Amino acid sequence: MNEAAVVESGAMGRVAYARIAPNEDLVQGVEKLCLAEGFRNAFVRGALGSLVDGCLGTLDGRFIQVKGPAVEIVSLAGEVRSQPDGSLRASLTGVIADPEGNVYGGPFVAGGNNVCMTFEVTLEEWLPDKKAAA
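The sections below set out a description of the structure shown in this document. Not measured: the values here are computed from a predicted model.

1. Description of the side chain of aspartate 25
(1) Moving on: For aspartate 25, the position within the fold is in the loop between β1 (10-20) and α1 (26-37).
(2) Moving on: In this structure the side chain of aspartate 25 is engaged in a polar contact, spanning 3.1 Å, whose partner is the backbone nitrogen of glycine 111.
(3) Moving on: Of note is the side chain of aspartate 25, whose polar atom sits 3.2 Å from the backbone nitrogen of glycine 112.
(4) Moving on: In this structure aspartate 25 touches Ile20, Val109, Ala110, Gly111, Gly112, Asn113 and Asn114, once residues within four positions along its chain are discounted.

2. Some words on the packing of aromatic side chains
(1) Moving on: Summed over all chains, the structure comprises one aromatic pair.
(2) Moving on: Between phenylalanine 43 and tryptophan 126, the aromatic rings sit 5.9 Å apart at their centres with planes inclined by 65°, giving edge-to-face as the arrangement. Note that phenylalanine 43 is positioned in strand β2 (residues 42-51) and tryptophan 126 in strand β8 (residues 115-128), a separation of 83 residues in sequence.

3. Regarding unusual backbone geometry
Leaving glycine aside, a negative phi is the common case for residues, and trans is the common case for peptide bonds.
(1) Moving on: Backbone torsion omega between glycine 68 and proline 69 reads 10°, so that peptide bond is classified as cis.
(2) Moving on: By the secondary structure assignment, proline 69 is in the loop between β4 (63-66) and β5 (71-82).
(3) Moving on: You will see that asparagine 23, though not glycine, has its phi angle at about 65°, which is positive.
(4) Moving on: Within the element layout of this structure, asparagine 23 appears in the loop between β1 and α1.
(5) Moving on: A positive phi angle, near 65°, is found at alanine 70, a position not held by glycine.
(6) Moving on: Inspection of the secondary structure assignment puts alanine 70 in the loop between β4 and β5.

4. Notes on the pairing of strand β3 (residues 54-57)
(1) Moving on: Of the two faces of β3, the one holding Gly54 and Leu56 and the one holding Cys55 and Gly57 are both buried throughout.
(2) Moving on: Across four bridges, β3 lies against β4 in antiparallel orientation. If you follow leucine 56 over to β4, its bridge partner there is isoleucine 64.

5. Considerations on the pattern of salt bridges
(1) Moving on: Per the stated rule, a full pass over the model turns up seven salt bridges.
(2) Moving on: Among the salt bridges present, the one from glutamate 125 reaches arginine 14, with a minimum N-O distance of 3.0 Å. Of the two residues, glutamate 125 sits in strand β8 while arginine 14 sits in strand β1, which places them 111 residues apart along the sequence.
(3) Moving on: Through salt bridges with shared partners, a single ionic network connects Glu8, Glu79 and Arg81.

6. Considering the sheet that holds β2
(1) Moving on: Reading across from one edge, β1-β8-β2-β5-β6-β7 is the order of the six strands in this open sheet, with antiparallel pairing throughout. What marks the edges here is a single partner per strand, and that holds for β1 and β7 (103-107). Taken over all neighbouring pairs, the strand axes of this sheet differ in orientation by 15° on average, direction set aside.
(2) Moving on: With nine bridges connecting them, β1 and β8 associate as antiparallel partners. Bridged to methionine 12 within β8 is tryptophan 126.

Conventions we followed
- Residues numbered from 1 in each chain as written.
- Predicted model: local features only at pLDDT ≥ 70, side-chain atom pairs only at ≥ 80, totals over all residues.
- Heavy atoms only, no water.
- Helix = DSSP H or I, 4+ residues; strand = E, 2+ residues; numbered from the N terminus.
- Polar contact = N/O pair within 3.5 Å; in protein donor to acceptor, adjacent residues only side chain to side chain.
- Contact = heavy atoms within 4.5 Å.
- Phe/Tyr/Trp six-rings, centres within 6.5 Å; stacked < 30°, edge-to-face > 60°.
- Buried < 20%, exposed > 50% of the residue type's maximum accessible area, 1.4 Å probe, protein only.
- Pairing = 2+ DSSP bridges.
- Salt bridge = Lys/Arg side-chain N within 4 Å of Asp/Glu carboxyl O.
- Axes fitted to C-alpha atoms, helices over the stretch in contact; angles between N-to-C directions.

Printed below as a string of structure tokens:
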């Protein structure tokens, strides 16, 4: 592993249940929902929906393109974090299934995962301690 572990203290905040519209990117849609709700940091707690096509990252920096239509999301987890420039960045990982039932897993690539019909997501706000945020 190349990344160092970070331990952060804080508290859970509000919960938002929201919908991402058809043809909107999953990753960017989660970021927009957080902005709309005023969440600077959040966890994805649940999701239900499908994608037109799927695009997942691989360990070697390449991409897996999964053709639809209607690529089902089997599971989704992740978080949204505030960046130093004030923007938000969602890191979402999951398992998807293509129309033939083949299963793939990995991080969702921003801009490559358009929602098929609608997508329901539950977000929980994370409020880091003031000391930890400095």
